[in-house]
Every structure is written in structure tokens, then in C-alpha cells.
Amino acid sequence: MELVYESTKIQFDTRPTIDMIMESMIEMLGEDQFFSHLIVDQQEIYEDPESYLVDCLDEIESIEIKAKNVTEFMNDVLLSALDYSQRAVVALPQLAHDFRQLPSSRNFNDFFHMLEGMEWLHQAVSLVDSFPDEIENRNQYKVISVYLEILAQKIQDAFTLRNYSLIASIIEKELISIYESIEEINQVLYVSQNREEWH
């Protein structure tokens, strides 16, 4: 089996273990590259690559590592955050409206998805904040990260008290504005980047 990353190649004379493969991948990528996906015997693997390797280890002949540099990686994170924020701004007013009524099981399901989305976005924004040299408007992202954490706790506390009208109010008056601000920051950032590319 061979493990390839760009011009670097490792040839395993005997069938390696998953741990050996993963350790080799980490060493090959280094600190300034972020794992993207694998190409295993010419098949692209994006979802849960480690499980795929475990299931097919005995048949695999070639593993190629695909990675992204810091700029490419952060660009993907910001695009994902922008996409999520735009969809949330559209969906959340209806959820707030439903919580002012008597929430149904479907509403509760949407509510928990909202909390999961908030946690994901908090992690994404925190990640942006950890790369100060790569991202403009870093301080704005830091404020959003802290505010998301505070809002998540307020919403969870209101849910514990079954104060559904308070949840609706927080969504309408605070959470939606957070997502709108993420839209504005990211759109300004991409306009700025595009202008730099044009010149």
C-alpha cells in the first residue's frame, strides 16, 4: 500500500494498521495544512474517511491525501457560516411565531436543530478568531462568538422554565440580528477579497 501527499510518498511493505496510516497522515500534513478528503484507489472519500479505511483496509492499494492551506480552509469556514446564517434568517421568524403559540413536536425538533446550529456556528466563529493573521474583522467575530454562547445559555434556561414566549422573543430580538451581522461581515469581507484579486 502507498500513502501519497503531493510529492511525498510512503510505501508500506506490509499491510499497515489504521493507527499507522493516521499517524503518517498527520506527519505528512504538518501544522499549516488542513485535511480535506482522501482519494482511495481513485475514489474520492469525503464522509467519515477513517471508517471507510477500517472497512476496506485489506483491499486498499493507494491512499492520496487532499488538504487545504489556512486561507483556503478559512474561506470554506466563512462560506459555510454565511450560508447557514442566510438560511437561518429566513427560517427563524416562523420558529419564533410557532413558539408564541403552542409549540408542536415538529417545532421542538426545529428548536433543537437551531441549538445545534448555534453550537456549530459558535465553533466556526471561534475558529475564525483563532487565526488573527488570516482574517479581517477578527474582533467582530470574537464578539459574535461570545454573544452566541450567552444567547444559547439564555435560550436553554428559558426552555428549562418552559417559557416559550421568552424563547420567541430572544429569537426575534437577538438571535436573528446576530445572523444578520454575520451576513454583513462576511459579505464585506468577500467584496474586499474580490477587489484585491481584481487588482
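This text goes with the structure placed above it.
What you see is a predicted model; the values in this text were computed from it and never measured.

Per the stated rule, a full pass over the model turns up twelve aromatic pairs. Measuring from ring centre to ring centre gives 4.2 Å for F34 and F73, while their planes differ by 5 degrees; the resulting arrangement is stacked. Taken together, the residues span a long stretch of sequence, with F34 in strand β3 (residues 33–40) and F73 in helix α3 (residues 70–100) at a distance of 39 residues. Its relative accessible area of 19% is what places F34 among the buried residues.

Core analysis: the biggest nonpolar cluster contains 38 residues, and L92, M114, M118, I155, I171, L175 and Y179 have the highest contact counts within it. Every element with two or more residues in this core is listed here: α3, α4 (105–129), α5 (138–160) and α6 (164–198).

One ladder, built from four bridges, connects strand β1 (residues 2–5) with strand β2 (residues 8–11); its direction is antiparallel. Paired with Y5 across the two strands is T8, which belongs to β2. Here β1 folds back onto β2, and the loop between the two strands holds two residues, one of which, E6, carries a positive phi near 55 degrees. Here β1 pairs with strand β5 (residues 62–69) via three bridges, running parallel.

Thresholds applied
Residues numbered from 1 in each chain as written. Predicted model: local features only at pLDDT ≥ 70, side-chain atom pairs only at ≥ 80, totals over all residues. Heavy atoms only, no water. Phe/Tyr/Trp six-rings, centres within 6.5 Å; stacked < 30°, edge-to-face > 60°. Helix = DSSP H or I, 4+ residues; strand = E, 2+ residues; numbered from the N terminus. Buried < 20%, exposed > 50% of the residue type's maximum accessible area, 1.4 Å probe, protein only. Core = buried A, V, L, I, M, F, W, Y, C linked by side-chain atoms within 4.5 Å. Pairing = 2+ DSSP bridges.

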